[in-house]
Amino acid sequence: MNTHDYPQGLLFQPELHKQIRERFCHVDSDPEAGERVFFENAGGSLRLKAVNEAYHEADSYPDCDSRKHPRAKKLRKLTLNGFADLRLMFNAPKYGQIIAETSSSKAMFTMVRTVLENVQGKNVVITDLDHPSVYDSVVYYARRKGMEVRIAKPNKKTGGIDPEHIASLVDKDTALLNCIYASNHTGAVLYIKEIVKQARAKKNDLYIISDAVQHMPHGLVDVQDLQLDGINFAAYKIFGCRGFGAAYISDRLATLDHAGIIGNLGDPWEIGGPAPAMYASISAIVDHVCWIGSHFIDSDDRRALYVEGMERIEMHERALLYHALEGTEEIPGLRHIKNAKVEFDRESLENRDFILPLAFSNISCPDAVTEFVKRDIIVYDRSDSNYYSVRSLHPFDLEGIVRVSPLHCHSTVDVDKFLKASAEIARL
Ligand SMILES: Cc1ncc(COP(=O)(O)O)c(C=O)c1O
């Protein structure tokens, strides 16, 4: 589909959406707290039932998947399928390698360490929107090499970062550029393709890594198209389990000197035995997106189905975002609620994931979150007292935001409940 054809998004048909919703655990209630609307998916996404089922089934067997008996072979198949599905998600069917870790932060530290220990240079470029897993790994390994850390500043209007500005910090002595894919504070999706193009025009063999943790649940990534050297995500942000982060690394990054099991010639980046259950759960995530895609196209190509499914997810979430901003005649949207302000709001909904930064002029962000909870809406305040937020807020002169982050299993009914609560809070 051409997503440009839907500037205000496109909701799933009600019957399909009902089925999508039924596929998730705890969509509209917590067994103890009761009914609720969970709009805190950027902190950890609602989980697919199929993920839990696949995980528990595979994890119930003790067999080591490198043995030759039938159960072991079945478990090995789950692992290999999961690896193939990770490649499919990144669109790296043949190239590079996959790194699997217990968190996306660890995968990021591994990538940054490998580049900075091997690639000569005098400086590293990162951005103010990058997560501490990028910022801290770069500062740590750059300091060991005596490299300067250059930090790109965000655009106060868009909540993103201009490619020209990032490229202006790159020179022939830059060892690494690290740039977040979509901000976990502003929801802005950065123009990664343009950033790569402009940065490599300054240094054509520049190593470039991106953190796609927040973008993966909402849109596609394609390392073949982007020509990135590294990109990571976390399963628990995309309908999966906590405790698993993965990254794609390019062939040239994969062959840089790094620690590993020397005798493991097949895959030197795999350290220790993989957990088939975790890989089975990754395949369950991919199955889900492909299942959505299969309602719109007829294809045997799993990547094509994944692309279609993810674009449909993106369009549904864009329609929910439009609904949240504009509302209806009966229920005003955020743009029309006195005392409420959507930071970095702009007419176009393109290059914008539904990770919405909200503020109120009558109440602080932490108090607003408490008021939302009283109304059974779960959102999160990102405030500058939090180490994970301060660097992404201060460049915008913000002390905090209320972060609102739904998922494609949510509906306009959920958004209406959230809007009613927002209007009440804005009147306090
Ligand atoms: C943009 C971004 N990168 C990285 C991470 C870290 O993820 P993990 O918990 O898998 O290390 C987060 C977590 O919220 C994030 O939002």
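One can find the structure itself at the top, above this paragraph.
Residues numbered from 1 in each chain as written. Predicted model: local features only at pLDDT ≥ 70, side-chain atom pairs only at ≥ 80, totals over all residues. Heavy atoms only, no water.

Draft legend 1. Quick look at helix α12 (residues 365-374). Buried residues of α12: C365, A368, V369, E371 and F372, and no others. Burial along α12 is one-sided: seen end-on, the buried residues are contained in an arc of 160°. Turning to α12, the residues buried within the fold contact β12 (356-360), β13 (377-378), β14 (380-383), β15 (400-404) and α14 (412-426). For α12, the capping residue at the N-terminal end is S364, with a side-chain oxygen 3.2 Å from the backbone nitrogen of D367. At the C-terminal side of α12, D376 shows a positive phi close to 65°. (Buried < 20%, exposed > 50% of the residue type's maximum accessible area, 1.4 Å probe, protein only. Helix = DSSP H or I, 4+ residues; strand = E, 2+ residues; numbered from the N terminus. Arc of directions from axis to C-beta. Contact = heavy atoms within 4.5 Å. Polar contact = N/O pair within 3.5 Å; in protein donor to acceptor, adjacent residues only side chain to side chain.)

Draft legend 2. Region of the structure containing the sheet that holds strand β5 (residues 123-127). Across the sheet, 7 strands lie side by side as β4-β10-β9-β8-β7-β5-β6; this open sheet has mixed pairing. Because the sheet does not close on itself, it has two edges, and the strands there are β4 (97-101) and β6 (148-152). Strand-to-strand twist of the sheet, defined as the mean angle between neighbouring strand axes without regard to direction, takes the value 20°. Sheet topology places β4 next to strand β10 (residues 245-249); 5 bridges connect them, and they run antiparallel. Within the sheet, the bridge partner assigned to I99 lies in β10 and is A247. (Pairing = 2+ DSSP bridges. Axes fitted to C-alpha atoms, helices over the stretch in contact; angles between N-to-C directions.)

Draft legend 3. Broad picture of the site of the ligand. Taken together, 13 residues are adjacent to the ligand, and S105, D211, Q214, Y236 and K237 come closest. Within the side chain of S104, a nitrogen or oxygen atom sits 2.8 Å from an oxygen atom of the ligand. Here Q214 contributes a side-chain N or O atom positioned 2.8 Å from an oxygen atom of the ligand. Notes on the ligand: free accessible area 400 Å², of which the protein chains cover 87%. Its residues placed into classes, the shell around the ligand shows 4 nonpolar, 7 polar and 2 charged. (Near = heavy atom within 4 Å. Areas by Shrake-Rupley, 256 points an atom, 1.4 Å probe, with all protein chains shown as cover. Nonpolar A, V, L, I, M, F, W, Y, C, P; charged D, E, K, R; others polar.)

Draft legend 4. Structural detail: the sheet that holds β12. The 4 strands lie next to each other as β11-β12-β15-β14, forming an open sheet whose pairing is antiparallel. The open sheet has two free edges, formed respectively by β11 (340-342) and β14, since each of these has just one partner strand. Here the average twist between neighbouring strands, direction ignored, is 35°. With 4 bridges joining them, β14 and β15 adopt antiparallel strand pairing.

Draft legend 5. The pattern of salt bridges, seen in detail. Under the defined criterion, the tally for this structure stands at 25 salt bridges. A salt bridge links R403 to E40; its shortest N-O distance comes to 3.2 Å. Here E40 lies in the loop between β3 (37-38) and α2 (49-59) and R403 lies in strand β15, a separation of 363 residues in the sequence. R403 gets classed as buried once you look at its relative accessible area, which sits at 2%. In this structure, the salt-bridge partner of D171 is R150, at a minimum N-O distance of 3.0 Å. Highlighted residues: D171 in the loop between α6 (163-169) and β7 (174-178) and R150 in strand β6, separated in sequence by 21 residues. (Salt bridge = Lys/Arg side-chain N within 4 Å of Asp/Glu carboxyl O.)

Draft legend 6. Geometry of the nonpolar core. Membership of the largest hydrophobic core comes to 71 residues, with the highest contact counts inside it found for M89 and F90. A total of 9 residues in this core trace back to one element, the largest contributor, which is helix α10 (residues 276-293). In this structure, V342, V379, F418 and L419 belong to the second largest nonpolar core, which totals 32 residues. (Core = buried A, V, L, I, M, F, W, Y, C linked by side-chain atoms within 4.5 Å.)

Draft legend 7. Inspection of the environment of N362 at higher detail. Along the chain, N362 turns up in the loop between β12 and α12. In the structure, N362 is positioned 65 residues away from R427 in sequence and 7.8 Å away in space, judged by C-alpha atoms. Excluding residues within four positions of it along the chain, N362 makes contact with N339, I425, A426, R427 and L428. Separated by 2.9 Å, the side chain of N362 and the backbone oxygen of I425 make a polar contact.

Draft legend 8. Spotlight on the packing of helix α11 (residues 302-326) against α14. At their nearest, the axes of α11 and α14 sit 10 Å apart, and the two run at 30° to each other. Between α11 and α14, the interaxial angle falls into the category roughly parallel. In the crossing of α11 with α14, the sense of the turn from one axis to the other is right-handed. Two secondary-structure elements touch here, α11 through L320, H323 and A324 and α14 through T412, V415, D416 and L419. In terms of residue class, the contact of α11 with α14 is built from 4 nonpolar, 2 polar and 1 charged. (Parallel < 35°, antiparallel > 145°, perpendicular 65-115°, else oblique. Left-handed = near helix turned anticlockwise from the far one by under 90°.)

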